[in-house]
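# Notes for the structure review
Below, each chain spelled out in residue letters.
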Amino acid sequence: MKNFSDLTEREVLAIAIASEEEDSRIYIGFSEELAERYPATAKVFQEMAAEEDGHRRQLLELYQQRFGQNLPAIRREDVKGFLSRRPTWLLQNLPLDAIRNQAEAMEKDSQRFYVTAAQHSKDVGVRKLLGDLAMVERSHGERASALAEAILTESARDEEGKTAHRFFVLQYVQPGLAGLMDGSVSTLAPLFAAAFATHNNWSTLLVGLAASLGAGISMGFAEALSDDGTVTGRGAPLIRGLVCGLMTTAGGLGHSLPFLVPDSWPNAFWTATAIAGVVVFIELWVIAYVRARYMDTPFLKAVAQIVVGGAIVLAVGILIGGA
């Protein structure tokens with residue numbers, strides 16, 4: 001790899017041309033990614049892509065005047081410490097704020113590159129163009145804001161706000177709620193069955209840990225592999241899988257950890273069981289609240305469904321354990 005200071009002006013211009021072309025393609029990708037969910041913001045990125053393509057043409061014209069038609073085979077990946085871009089496949093199914101932050105980081109990286117390149121350039125014309133482009137990249141934040149003001153009308157902002165809320169629910173709330181419900185409810189039966197079969201806190205804790213971690217791993221993989229988000233728009237499968245898996249584990253651990261109460265304590269089993277029962281009650285009401293808050297389920301209906309269902313599973317575990 002080459003140091004930036006060792007690059008010739010020809011190589012600097014060649015890298016700048018390739019970088020502007022890639023940035024334009026990335027913005028077009030953003031536009032296509034957001035077209036269905038956020039059409040107004042997608043148009044903003046279309047405008048930004050057109051500007052980047054204009055920069056590429058300016059740089060290419062200067063290069064052809066100075067060095068002819070042939071561009072050297074050098075990429076920015078060949079330069080130590082040079083700016084880099086995330087692969088486009090990693091930018092799919094991202095929330096709107098994440099895409100905007102990525103675009104802002106790209107503009108800042110480009111600005112630093114042009115400032116550094118201008119400082120190393122000895123040709124007056126090249127230095128002037130690179131300096132001008134640095135100023136343009138610096139002003140892109142204001143330009144993006146101006147485009148947003150012109151394109152994102154109040155109705156468009158309201159619509160995109162609703163879409164963003166829906167995306168948040170689909171990518172985070174829904175898989176998290178599914179995981180919390182599974183972890184909180186499905187682990188009740190094996191945990192309390194072990195508790196009432198053994199009356200031993202340590203053994204019960206081991207069963208609870210195994211059930212919670214096993215359910216978390218299973219639910220995480222199931223959520224991530226069931227839908228890649230391309231058709232349904234539910235977001236990145238890795239994020240959904242992590243959210244679902246972690247919430248499943250948390251739901252099971254909540255009523256398992258009370259059995260850390262040492263067996264040597266007086267009434268240790270009943271103390272741990274009472275604490276676990278309180279935790280279960282809190283978990284079920286939290287689930288009911290989340291369903292009412294984000295899933296438009298009437299609160300009393302959510303309470304009836306979750307609390308009654310959880311009570312049935314708990315009773316089944318106790319009956320089996322006490323048999």
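Bear in mind the structure is a predicted one, so any value in this text is a computation, not a measurement. (Residues numbered from 1 in each chain as written. Predicted model: local features only at pLDDT ≥ 70, side-chain atom pairs only at ≥ 80, totals over all residues. Heavy atoms only, no water.)

## Let's talk about unusual backbone geometry
Positive phi outside glycine occurs at His199, with the angle close to 50°. Tracing the backbone through its elements, the reader meets His199 in the loop between α6 (188-198) and α7 (201-226). Judged by relative accessible area, which is 41%, His199 ranks as partly exposed. Here the phi dihedral of Asn267 falls at roughly 50°; this positive angle occurs in a residue that is not glycine. With respect to the helices and strands, Asn267 occurs in the loop between α8 (237-254) and α9 (268-294). Residue Asn267 is classed as exposed on the basis of its relative accessible area, which comes to 59%. (Helix = DSSP H or I, 4+ residues; strand = E, 2+ residues; numbered from the N terminus. Buried < 20%, exposed > 50% of the residue type's maximum accessible area, 1.4 Å probe, protein only.)

## A short note on the pattern of salt bridges
All told, the structure shown has four salt bridges when counted by the stated rule. Its salt-bridge partner being Glu21, residue Arg25 comes within 3.5 Å of it at the nearest N-O pair. Of this pair, Arg25 and Glu21 both sit in helix α1 (residues 9-34), separated by four residues, roughly a single helical turn. The partner of Asp53 in a salt bridge is Arg57, with the nearest N and O atoms 2.6 Å apart. Taken together, the positions of Asp53 and Arg57, both in helix α2 (residues 39-67) and four residues apart, correspond to about one turn of that helix. By relative accessible area, Arg57 is classed as partly exposed at 43%. (Salt bridge = Lys/Arg side-chain N within 4 Å of Asp/Glu carboxyl O.)

## Examining the environment of Val280
You can see Val280 is positioned in helix α9. Distance in space between the C-alpha atoms of Val280 and Ser256 is 9.8 Å, their sequence separation being 24 residues. Those residues in contact with Val280, other than ones at most four positions away along the chain, are Leu188, Phe192 and His255. (Contact = heavy atoms within 4.5 Å.)

## Some words on a nonpolar patch on the surface
Judged by side-chain polarity, Val278, Phe281, Ile282, Trp285, Val286, Tyr289, Phe299 and Leu300 come together as a nonpolar surface patch covering roughly 810 Å² of accessible area. Those elements giving two or more residues to the nonpolar patch turn out to be α9 and α10 (299-322). With six residues, α9 is the largest single contributor of residues to the nonpolar patch. Within the fold, Leu300 resides in helix α10. Judged by its relative accessible area of 70%, Leu300 is exposed. (Patch = residues over 30% accessible without salt bridge, like charges linked within 9 Å, V, L, I, M, F, W, Y side chains within 5 Å. Areas by Shrake-Rupley, 256 points an atom, 1.4 Å probe, with all protein chains shown as cover.)

## Details of α6
Three- or four-residue spacings in an α-helix give side chains the same orientation, since the helix completes a turn every 3.6 residues. Of all eleven residues in α6, eight are buried, a share of seventy percent or more. Just past α6, the residue His199 takes up positive phi, approximately 50°.

## What about the packing of α6 against α7?
Between α6 and α7, whose axes approach to 9 Å, the crossing angle comes to 165°. Considered as vectors, α6 and α7 are oriented roughly antiparallel to each other. The two elements α6 and α7 meet at a crossing, and its hand is right-handed. The residues of α7 that touch α6, namely those facing Pro190, Leu191, Ala194, Ala195 and Thr198, are Ser203, Thr204, Val207, Gly208 and Ala211. (Axes fitted to C-alpha atoms, helices over the stretch in contact; angles between N-to-C directions. Parallel < 35°, antiparallel > 145°, perpendicular 65-115°, else oblique. Left-handed = near helix turned anticlockwise from the far one by under 90°.)

## Observations regarding the packing of aromatic side chains
Inspection of every chain in the model, using the stated rule, returns nine aromatic pairs. Relative to Phe67, the ring of Tyr63 lies with its centre 5.3 Å away and its plane at 45°, an arrangement referred to as tilted. Note that Tyr63 and Phe67 are positioned in helix α2 at a spacing of four residues, about one turn of the helix. Residue classification places Phe67 among the partly exposed positions, given a relative accessible area of 28%. Aromatic pair Phe192 and Phe259: ring centres 6.4 Å apart, planes at 80°, arrangement edge-to-face. Taken together, the residues Phe192 in helix α6 and Phe259 in the loop between α8 and α9 connect sequence positions 67 residues apart. With a relative accessible area of 3%, Phe192 lands in the buried category. (Phe/Tyr/Trp six-rings, centres within 6.5 Å; stacked < 30°, edge-to-face > 60°.)

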